[in-house]
Amino acid sequence: MGKLSGQTALITGAASGIGKAVAIRLVEEGANVVALDRNADALADLSDHLGDRCSVLAGDCTEAAICEAGVELAQEKFGKLDTTIANAGVYDWYKRIDRMKMEDVEAAFEELFRINVLSTLLLARASADALRKSTGSLIVTCSNASFRAGGGGTLYTASKFALRGIVYQLAYEWAPQIRVNGVAPGGTVTGLSGLDTLESASRRLDSEQRTVEMVAKASPLARAAEAEDHAGCYVLLASPRDGVNLNGTILVSDGGLISRMG
Ligand SMILES: NC(=O)c1ccc[n+]([C@@H]2O[C@H](COP(=O)([O-])OP(=O)(O)OC[C@H]3O[C@@H](n4cnc5c(N)ncnc54)[C@H](O)[C@@H]3O)[C@@H](O)[C@H]2O)c1
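Everything quoted here is computed from the prediction, not taken from an experiment.

Draft legend 1. Geometry of the overall build of the protein. A tally of regular secondary structure across the protein gives 8 helices and 9 strands. At 17 Å, the protein has a C-alpha radius of gyration in line with the 18 Å of a compact globule built from 262 residues. Each principal axis of the C-alpha distribution contributes one length, and for the protein these read about 50 × 35 × 35 Å. Within the protein, the fraction of its 262 residues that count as buried is 54%. Counted over contacts in the protein with a minimum sequence separation of 6, partners at least 24 positions apart contribute 72%.

Draft legend 2. Region of the structure containing the site of the ligand. In the vicinity of the ligand lie 27 residues, with Ser16, Asp37, Tyr156, Thr188 and Thr190 positioned nearest. The separation between a nitrogen atom of the ligand and a polar main-chain atom of arginine 38 is 3.2 Å. One of the backbone N or O atoms of threonine 188 is found 2.7 Å from an oxygen atom in the ligand. Notes on the ligand: free accessible area 820 Å², of which the protein chains cover 95%. Its residues assigned to classes, the shell around the ligand comprises 9 nonpolar, 14 polar and 4 charged.

Draft legend 3. Expanded view of the packing of aromatic side chains. In the structure shown here, the tally under the stated rule is 4 aromatic pairs. Between the aromatic rings of tyrosine 91 and tryptophan 93, the centroid separation amounts to 5.3 Å while the plane-to-plane angle is 75 degrees, which identifies the pairing as edge-to-face. By the burial criterion, tyrosine 91 is buried, and tryptophan 93 matches it. Ring plane angle 85 degrees and centroid distance 4.6 Å describe the contact between tyrosine 91 and tyrosine 156, whose orientation is recorded as edge-to-face. Separated by 65 residues along the polypeptide, tyrosine 91 in the loop between strand S4 (83-86) and helix H4 (102-134) and tyrosine 156 in helix H5 (residues 154-174) bring together distant segments of the chain. Under the relative-accessibility criterion, tyrosine 91 is labelled buried at 4%. In this structure tyrosine 156 comes out as buried when scored by relative accessible area, which is 8%. An aromatic cluster is built from Tyr91, Trp93, Tyr94 and Tyr156, whose rings are joined through pairwise contacts. The ring of tryptophan 93 carries the charged tip of arginine 203 above its face, separated from the ring centre by 4.2 Å.

Draft legend 4. Spatial organisation of the side chain of asparagine 144. Summarising the element assignment, asparagine 144 is placed in the loop between strand S5 (137-141) and H5. On the accessibility criterion, asparagine 144 (4% relative accessible area) is buried. Apart from residues lying up to four places away in sequence, asparagine 144 is in contact with Ala184, Pro185, Gly186, Asp254, Leu257 and Ile258.

Draft legend 5. Fine view of the nonpolar core. Formed by 51 residues in total, the largest nonpolar core has its most connected members in Leu138, Trp174 and Val180. Put simply, the parts of the chain that give this core at least two residues each are strand S2 (32-37), helix H3 (64-78), H4, S5, H5, strand S6 (179-185) and helix H6 (209-218). Top element by residues in this core is H4. It accounts for 11 residues. With 30 residues, the next largest nonpolar core counts Ala9, Ile18, Ala227 and Val235 among its residues.

Draft legend 6. Just the pairing of strand S1 (residues 8-12), in detail. Counted residue by residue, S1 has 5 buried out of 5 residues, so it is predominantly covered. What you see with S1 is no split at all: Thr8, Leu10 and Thr12 on one side and Ala9 and Ile11 on the other are buried throughout. Since S1 and S2 lie parallel, the crossover through helix H1 (residues 17-28) that links them has a hand, and here it is right-handed. Pairing between S1 and S4: 3 bridges, direction parallel. Bridging across to S4, isoleucine 11 finds its partner in isoleucine 85.

Draft legend 7. Quick peek at the packing of H3 against H4. Put simply, H3 and H4 touch, their axes get as near as 9 Å, and they point 35 degrees apart. In the packing of H3 onto H4, the handedness of the crossing is right-handed. Residues Ala64, Cys67, Glu68, Val71 and Gln75 of H3 touch H4, and the partners they reach there are Ser119, Leu122, Leu123, Ala126, Ser127 and Ala130. Of the residues that constitute the contact of H3 with H4, the class distribution is 7 nonpolar, 3 polar and 1 charged.

The rules we used
- Residues numbered from 1 in each chain as written.
- Predicted model: local features only at pLDDT ≥ 70, side-chain atom pairs only at ≥ 80, totals over all residues.
- Heavy atoms only, no water.
- Helix = DSSP H or I, 4+ residues; strand = E, 2+ residues; numbered from the N terminus.
- Rg over C-alpha atoms; globule rule 2.2 N^0.38 Å.
- Buried < 20%, exposed > 50% of the residue type's maximum accessible area, 1.4 Å probe, protein only.
- Contact = heavy atoms within 4.5 Å.
- Near = heavy atom within 4 Å.
- Polar contact = N/O pair within 3.5 Å; in protein donor to acceptor, adjacent residues only side chain to side chain.
- Areas by Shrake-Rupley, 256 points an atom, 1.4 Å probe, with all protein chains shown as cover.
- Nonpolar A, V, L, I, M, F, W, Y, C, P; charged D, E, K, R; others polar.
- Phe/Tyr/Trp six-rings, centres within 6.5 Å; stacked < 30°, edge-to-face > 60°.
- Lys NZ or Arg CZ within 6 Å of the ring centre and 35° of its normal.
- Core = buried A, V, L, I, M, F, W, Y, C linked by side-chain atoms within 4.5 Å.
- Right-handed = clockwise from strand over helix to strand, strands pointing away.
- Pairing = 2+ DSSP bridges.
- Axes fitted to C-alpha atoms, helices over the stretch in contact; angles between N-to-C directions.
- Left-handed = near helix turned anticlockwise from the far one by under 90°.

In structure tokens:
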């Protein structure tokens, strides 16, 4: 028996990186998973890998209808929804707003905040009734940039601080039926990519050796994390047994970076 036997989870950004690692771990722990992502090819690979216990949904999670379809799919295919994980995200590659053209600030804000923040709100809204019914939980992928400066540029940092606010506010509003928590990874070797509006969509963190080295150097553990390193945090928060008293908690999984910075 796994820690999440009989549970069903919906995860956005599940085709790559942290979301994919979490989807795989949840299935290992006995859960059924609905994996939502805009990358249909990578989702098909995940489906081949996980088999019947994973249903995939290709689409853009900034669209309300796709978030609703994810919740419906979980209920139709697996009978209920216990955990929703708002994980999809993009990065601004430390771009300073004073080095953007004025019109680019607005365009980049629209793109980044729609993906990092609006999709989380839509997914949370779409999941609320189902999670209330199952006395389930919402988990939001935050970042160490939810707590400090320098983990990205101004837009990324602002978006991740906003996610921290969403976790705290919903934990307060949705208790006692639904627990709401977050995971805050530090720098992790994934395909995390940039923005069309800043012409950085093709940049991937795992292709940038200098960034990976910089992340490893900054960490007290002297290593850059792998996506799998964070998966246990999600299992703990999703677990109705081990996570029963966790609400409004953001588990920081950054090798000690924030604690060193004070
Ligand atoms: N990699 C890091 O260093 C790091 C650190 C802290 C937090 N995070 C956060 O972790 C989360 C996952 O990122 P990752 O590092 O695994 O990157 P990743 O690029 O490997 O995975 C993100 C996934 O989200 C999907 N996605 C993006 N926009 C989408 C949309 N509009 N609709 C549907 N799917 C969409 C992508 O296709 C991709 O599969 C993000 O929220 C990111 O901010 C990452």
